[in-house]
Amino acid sequence: MGDRVFSGLALLAGVAILITLAFVAIFLSFNSVGAVYREEEGLILRQFLEYAYPLVIGTLIASLIALVLATPVAVGVALYISHFSPPRLSKSIGYLIDLLAAIPSVVYGAWGMSFLGPALVPVYGWLHQHLGFIPLFAGNPSQTGRTIFTAGVVLGVMILPIITSVCREIFIQTPKLHEEAALALGATRWEMITMAVFPFARAGIISGVMLGLGRALGETMAVALVLSPGLLTASLISSGNSTIPAEIALGFPEAPPGSERQAQLIAIGLVLFVITLIVNMTARWIVNRHKDFSGAN
Amino acid sequence: MSKSITAKDLNVYYGDFLAVEGVNIEIAARSVTAFIGPSGCGKTTFLRSLNRMHEVLPGARVEGQLLLDDDDIYGPGVDPVTVRSMVGMVFQRPNPFPTMSIRDNVLAGYRLNGARMSKSQADGIVEGALRGANLWNEVKDRLDKPGSGLSGGQQQRLCIARTVAVKPEVILMDEPCSALDPISTLAIEDLISELQKEYTIVIVTHNMQQAARVSQKTAFFNIAGTGKPGKMIEYAETSTIFNNPTNQQTERYVSGKFG
Amino acid sequence: MSKSITAKDLNVYYGDFLAVEGVNIEIAARSVTAFIGPSGCGKTTFLRSLNRMHEVLPGARVEGQLLLDDDDIYGPGVDPVTVRSMVGMVFQRPNPFPTMSIRDNVLAGYRLNGARMSKSQADGIVEGALRGANLWNEVKDRLDKPGSGLSGGQQQRLCIARTVAVKPEVILMDEPCSALDPISTLAIEDLISELQKEYTIVIVTHNMQQAARVSQKTAFFNIAGTGKPGKMIEYAETSTIFNNPTNQQTERYVSGKFG
Amino acid sequence: MPWWTGLAVLAVSALFGAALSSLISFNFALWFVFTAVLYVMISYAVTRAKVNRRQARDKMWKNLVYLAFIIALLPLFSVIWSVTSIGIPGLLEPGFLASDMQGIDGTTDQRSQEEGAPVLGGIRHALVGSLLITLTATFISVPIGLMTSIYLVEYARGGKLSRAITFFVDVMTGIPSIVAGLFGAAAMGWFLGVGNSLGLPLPSRSTMGITAAIALSVLMIPVVVRTTEEMLRVVPNELREASYALGVRKWRTILKVVIPTAISGIAAGVTLAIARVIGETAPILVTAGFVVSNNWNLFQGWMTALPVYIFRQFQNPTSPNFSDPSHQRAWAAALVLIIIVMGLNLTARIIATIFAPKKTGR
Amino acid sequence: ACGEANNPGAENGDGNGNGEANGGAETSEVQGTLVGGGASSQEAAMTAWTNGFTSVAPEAQVNYASVGSGAGRDGFLGGEYDWAGSDSAMDDDEWEQSKEICGPDGAFHIPAYISPIAVAFNVEGIDDTLNLDGDTIGSIFAGEITTWDDEAIAEHNEDVDLPDTPITVVHRADDSGTTDNFTEYLEAAASTWEWEASDAWPADISAESAQQNSGVVDLTSQTNGAITYADASQIGGLNSVAVWVGNDYVEHNAEAASQAVASSTPVEGQASNNMAVELDRDTEEEGAYPIVLAAYNIFCNEYPDQETADLAVAFAEYLVSEDGQQTAESAAGNAPMSEDLRNTAMDAISEITVAE
Ligand SMILES: Nc1ncnc2c1ncn2[C@@H]1O[C@H](COP(=O)(O)OP(=O)(O)OP(=O)(O)O)[C@@H](O)[C@H]1O
Ligand SMILES: Nc1ncnc2c1ncn2[C@@H]1O[C@H](COP(=O)(O)OP(=O)(O)OP(=O)(O)O)[C@@H](O)[C@H]1O
Ligand SMILES: [Mg+2]
Ligand SMILES: [Mg+2]
Ligand SMILES: O=P([O-])([O-])[O-]
């Protein structure tokens, strides 16, 4: 009886999520019709795509910068806490890093805008001067630091504690048995980590990274505050580019009710949805490929 | 190859708790030494201090001297990694790497040396080690399957194969056969006699017959009560320990034996 | 209390892999039955099918009939939980609950089911069970410490105490002593003889002396080769199996015995 | 190698780092970067020469791990510094926590900035709003999220439904917060419309605390599911089996064995989820509105949350030309918000240490 | 930091004293809560209004969420808000839609918040106003003039020593009524400006941007060589441009701004009491400052119940009252409505009724 109720509740919770999501999808699709269809002109898909693709790329660039910067640091920090720090201190150190997660995005936005951006201006100048031949550092170096790279760094700082926290929990769970097996074979600490800890934590690391990526893709306020949105450009050091959530947040308040602009903004919300979908599918696929060898046996 | 082990006044601690006290022992190279004694007397603890695995646990530490031939492995500047690659270990519970295939499990330690090897060389090592551990026939068709899919006994034999594959100088075994059936046990015991020709072997066992069968010398450990430290009571030729022990505690313990 | 067990044409599968085939066995109430056989022959698998623990693994299933007295425990509408509370189990590897103290581990069978009891009642159960498992003296001063701080042998005895504490009708033991020293083993064996007066006991063991000492009847399992299903080869009085087996395989296996 | 090798290498790296950085133009950031890079490289080279390649690699990775940790601390200290340096004076203004913004307008702030009068106004209403909304969102999301991950880990055996749930939970993590807000408002509006047309005694307007809580739940649930799922999965099967073997029902096993074993991870996940939403601005603004006075009722009237308060004070200062008081209030409110999340975090940790598996022995 | 609340207007909470602070003005009996939302441009003024209103009507409370003009109108049309604040007037479709909630006459606009938009800059070495004409402003914002010592600028400022600092254009990152009004001016007055007026800055001009007026002003203040446009009340210490109108350079000022609204063409075709206007950007009138923003407050002509109607009337009347306009001016620095405009507004408000 208890079992029935409990498993029923568990199932219900899962289904509730599906239903909510279905409603979100319906809400998004229903309200974005205006972006791709106009009564006079019929389908205007092309026009919409021209509007959407720079935003898609901008979103991906920002998230990619964030991931590339945050993942190695986060895994390093998690390892530091789980395997390198003095055991007595590891809890407090973990807490210190969690503080980063405690900082709301508005504050990150304010920090990125008033501190980080200006601090990066000379760096951009330097990069442009010495590496300007690489398209990434071409263009006019920003005088305000409000670039997609700054946004990426802020996002990186924001997702760092998320990835760290997930990785740390998993690293700590690595069975002592396996760690000792590696050590007893004469492995150094690092070799033990590659032999026992990483394989065990693989799925967890990917999971944490995806969680961070989800956050980075969907982060609104911080990006809106630190970026000078503009045209799509390959340059990371000049103003330009924009991300989907920032575009929505910046555009929605003034979008007239029922207008094409409003529909357009909701439609790119839907596009972001699809991007997350694809990103996550890829992650699942990577995790599942090695299911047989999962650490939880 | 193969080295002797000498412990001088070795105390082993878990934080403040003294688990094993004042062990003095000399283990000859190319011999098999058995540790026996009741549960909790510190056999595992002492064994783990022989290849510095003990210090892996937080707060765990060792006092005294432990010489491998003439080098104090606890001396200043000695790298535990070097110690452990010379002193291999098989654990009480089988612990194959769950994310590796059977083949990779066997090669795990060997690969650490970074030596490049051809596939056929690797195959040779894998087959040799698995045959030695009497596991080859059971797993030869599924070398690429995960090691965790094996039964307990099979897993333990896999772990033995893995340790042997590295060819250390000393092999420590903590109740390596406690999860094995007699046939596998026999094979392992044969393997031990085989290895003995080249390596120094220390084995913890609860099976006194096993101790009698495989070892030349036996150390008996005992503990006076909970919270008290374990001590080495007697260390002598195996036949002496079992047939003619000097110490009364040893006498009482071995005469409680079965069969 | 205490029930007999009858298996009729029992096949046990892991997904598509038939691990144990066609077992027919009758185990009398208030008796000790030993399962012996080489590693990987399916002793653990079959044992786990006796209290429907087998089906906990994904894809695992059982065909055939298994009667507890006269009730088919695999019959439609039978609740595996009821089965398991009647048929207790001690595992090959000690697995105390890491979140619980020693005391709570012993009481787990009650506590986890939400049973209410007075402190003195609980104390009684804890002491009784721990004494029975020969662990009381070692842990009586640290009942509130976590169970995972004990040595391997101590942990296993804790698990036995935990199972015994809920007073099931049948107790299944999967190599319960493989991590125990002889003194503890002796205590457990005594306990088994004690429990036998009231309970039906099935024990998997690699130690044939142990089988001979504790069991009235013995079942010998064997396996023809990797990938083949394990089968019950012979089932008879323990003395018959060890001294005068009918089957040649059994003969070969038990004569390879030691000591 | 002698014990002082590390120090020597550090000194050498710092020296050369200083030299190199002054080649470009000396500043501390550059110096730090050069020193770190040199330290990692030189100690690798030294260990490799004196000991062996494997130890050198071990050393290098160890240094990199330490470096990662230091790098992670930099933005932390930087952010904390910017928040506290302005926030603490704001927090120390008398009545900051006890008052709301009722009666504060541009002239009040002008007086503060020009005449040095104390900065009036506070965050009581926002504090109340944030706590109510976030707690409600937590009460909605944690059971749903936890139960879902229990379904996924303990009950579903890789069926279609479970795969669909996992997949869509992943998708859900990517909903931008503003979209969640719009959805929350639309959904509540629809629900109230239907309810009112059926004659149910429901409020007529959807802008209220509970709507914000629902919108936040949309953001929170996937975080809870993903983290707790991961934590439940690493609970060893041995423990579940031990419990089943004692005749314990599955749901009790889950509640009493699996969850307690995973509790520290779950607590961390929930904290993460709370931290994720307690700082949200956009979805709360469109669902709960923005007021200057206190409101305890989640089901009636508007509410302000701390991030909304911070954002408005920051972006639209109460007095556009005398924005210092507003900025001070904003940073002080940010500081309060951080302290709250830290407090939650600490609570989660205490819970975790009380119930966590005792990790002694092998 | 804990302890007593420090709010100056704490009396509203406990409902004791009233309008004293207001110099004994009449108090109103209306009660209840009026909610509205929309344009952020009038947020500072609205804060002052909602506070001031409590001293006029102690039993009443007014909430305003500055969610943006579009979202404000959306909420108003969806029945979520009792009134909306908006930088631009409803189009005819929206007005038709407003009949659903506002009865047959729909909703009407009151331009209660009027403010000039300043063209503000931060250039080291220029400490005073600069003179510019529409064409030059257009070229600067289009990115065609890139340094401050450009001839086109020098032409208008013969006695200023212009540095060769590069020009950084800073515009609003968010869609905004301010942008809409500014680009309307450029479209009308600058031949060099080839884009249509819109809430969003033209996507193909690459420049710096920030959110809200405070954002662009802060960014401009931090960046040497930056120029931006922002609500004149919010530019703080920045210098601003005097714009060539007719035959002289005109600095932004309050009177000129409200005059611009009063003298512009009313929008036809909506409710009879509608006050939405079409601002005259290319005016040649002497002393007029053409870059003006008027934020409307949109009310219903018909409210469903007496209480809301009374509240709406009382609040709207307070907004346009002399007292209300002054309160806003002192708190937000905007331009008060002219006398005429206020009277027209009072008449319009008096037409608010209650549905049968
Ligand atoms: N990690 C640990 N922390 C603290 N005490 C421990 C730890 N591991 C073991 N002990 C204690 O140290 C003592 C010796 O334990 P050890 O495991 O060495 O015994 P053993 O002789 O190997 O027993 P067994 O035969 O059961 O394996 C025991 O009292 C045990 O409780
Ligand atoms: N979870 C599993 N999935 C698939 N096959 C399994 C699983 N567990 C065991 N097997 C296989 O089933 C067969 C029987 O295994 P079982 O563990 O029952 O052997 P056993 O007789 O208990 O061996 P041991 O004495 O080593 O414990 C073996 O071939 C084993 O590889
Ligand atoms: Mg041991
Ligand atoms: Mg078995
Ligand atoms: O009033 P705005 O903030 O949209 O310019």
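This is a predicted model, so every value here is computed, not measured.

**Some words on the environment of F91 of chain C**
Structurally, F91 of chain C can be placed in the loop between β6 (87-90) and α3 (102-111). Dropping the residues within four chain positions of it, F91 of chain C is found in contact with R48, M53, Q156 and D174 of chain C together with E241, A242 and A245 of chain D.

**Digging into the interface of chain A and chain D**
Facing 87 residues of chain A, the contacting portion of chain D comprises 88 residues. Taken together, the two surfaces of chain A and chain D that pack against each other cover about 8000 Å², and 76% of this comes from carbon and sulfur. Together, F6, I17 and W190 of chain A form the three largest contributors to the area buried by chain A at its contact with chain D, with a combined 9%. Taken together, chain A and chain D are joined by two salt bridges. Where D3 of chain A meets R249 of chain D, a salt bridge forms, and the shortest distance between an N and an O atom there is 3.9 Å. At the junction of chain A with chain D, the criterion picks out 12 residue pairs in polar contact (both at pLDDT 80 or more). For the side of chain A that touches chain D, the element with the highest residue contribution is helix α1 (residues 2-36) of chain A, accounting for 18 residues.

**So, the sheet that holds β6 of chain C**
Residue and element names in this part refer to chain C. Taking strand neighbours across the sheet as the criterion, the 10 strands line up as β5-β4-β1-β2-β10-β9-β3-β8-β7-β6 in an open arrangement whose pairing is mixed. Strands with a single pairing partner mark the edges of an open sheet, and in this sheet they are β5 (71-72) and β6. As paired strands, strand β3 (residues 32-36) and strand β8 (residues 200-204) are joined by four bridges and run parallel to one another. Note that in β8 the partner of F35 across the bridge is V204. Across the sheet, helix α10 (residues 248-255) lies against β3, β9 (217-223) and β10 (230-237), angled at about 100° from β9, the strand it touches most.

**Focus on the pairing of strand β4 (residues 107-122) of chain E**
Within a regular beta strand, the side chains point alternately toward one face of the sheet and then the other, so they alternate between its two faces. All names here are of chain E. β4 sits mainly inside the fold: 16 of its 16 residues count as buried. Pairing of β4 with strand β13 (residues 292-300) involves eight bridges; the strand directions are antiparallel. Among the inter-strand pairings, F108 is bridged to a residue of β13, identified as F299. In this sheet, strand β8 (residues 226-231) lies alongside β4 in antiparallel orientation, the contact comprising six bridges. The partner of A118 across the bridge, within β8, is A230.

**Some details on the site of ligand 1**
Near ligand 1, the surroundings consist of 21 residues, among which S39, G40, K43, T44 and T45 of chain B are the closest. What surrounds ligand 1 is not a single chain but chains B, C and D. Between ligand 1 and Q154 of chain C there is a distance of 3.4 Å, counted from an oxygen atom to a side-chain nitrogen or oxygen. Across the complex, the protein chains shield 90% of the 640 Å² of accessible surface that ligand 1 would expose by itself. Among the elements that make up the shell around ligand 1, the one with the highest residue count is helix α1 (residues 43-49) of chain B (three residues).

**A word on the interface of chain C and chain D**
With 35 residues of chain C in contact, the opposing surface of chain D contributes 24 residues. Note on chain C versus chain D: buried area summed over both sides is about 2400 Å², and carbon and sulfur give 58% of it. When residues of chain C are sorted by the area they lose upon contact with chain D, T99, L112 and N113 of chain C head the list and together hold 24% of the total. Applying the counting criterion to the chain C and chain D interface returns two salt bridges. D79 of chain C is paired through a salt bridge with R249 of chain D; the nearest N and O atoms lie 2.5 Å apart. One can count five residue pairs in polar contact (both at pLDDT 80 or more) joining chain C with chain D. Those elements giving two or more residues to the side of chain C that touches chain D turn out to be α2 (80-86), β6, α3 and α6 (152-165) of chain C.

**Focus on the site of ligand 2**
Among the 18 residues in the neighbourhood of ligand 2, the closest are listed as S39, G40, K43, T44 and T45 of chain C. This site is not confined to one chain, since residues near ligand 2 come from chains B and C. At 3.0 Å from an oxygen atom of ligand 2 is found a main-chain nitrogen or oxygen belonging to G42 of chain C. One nitrogen or oxygen atom from the side chain of K43 of chain C is found 2.9 Å from an oxygen atom belonging to ligand 2. Look at ligand 2: alone it shows 630 Å² of surface, and the protein chains cover 81% of it.

The rules behind each value
- Residues numbered from 1 in each chain as written.
- Chains lettered and ligands numbered in written order.
- Predicted model: local features only at pLDDT ≥ 70, side-chain atom pairs only at ≥ 80, totals over all residues.
- Heavy atoms only, no water.
- Helix = DSSP H or I, 4+ residues; strand = E, 2+ residues; numbered from the N terminus.
- Contact = heavy atoms within 4.5 Å.
- Buried area = accessible area lost by both parts, 1.4 Å probe.
- Salt bridge = Lys/Arg side-chain N within 4 Å of Asp/Glu carboxyl O.
- Polar contact = N/O pair within 3.5 Å; in protein donor to acceptor, adjacent residues only side chain to side chain.
- Pairing = 2+ DSSP bridges.
- Axes fitted to C-alpha atoms, helices over the stretch in contact; angles between N-to-C directions.
- Buried < 20%, exposed > 50% of the residue type's maximum accessible area, 1.4 Å probe, protein only.
- Near = heavy atom within 4 Å.
- Areas by Shrake-Rupley, 256 points an atom, 1.4 Å probe, with all protein chains shown as cover.

As far as function goes, none of this settles anything; it's purely spatial.
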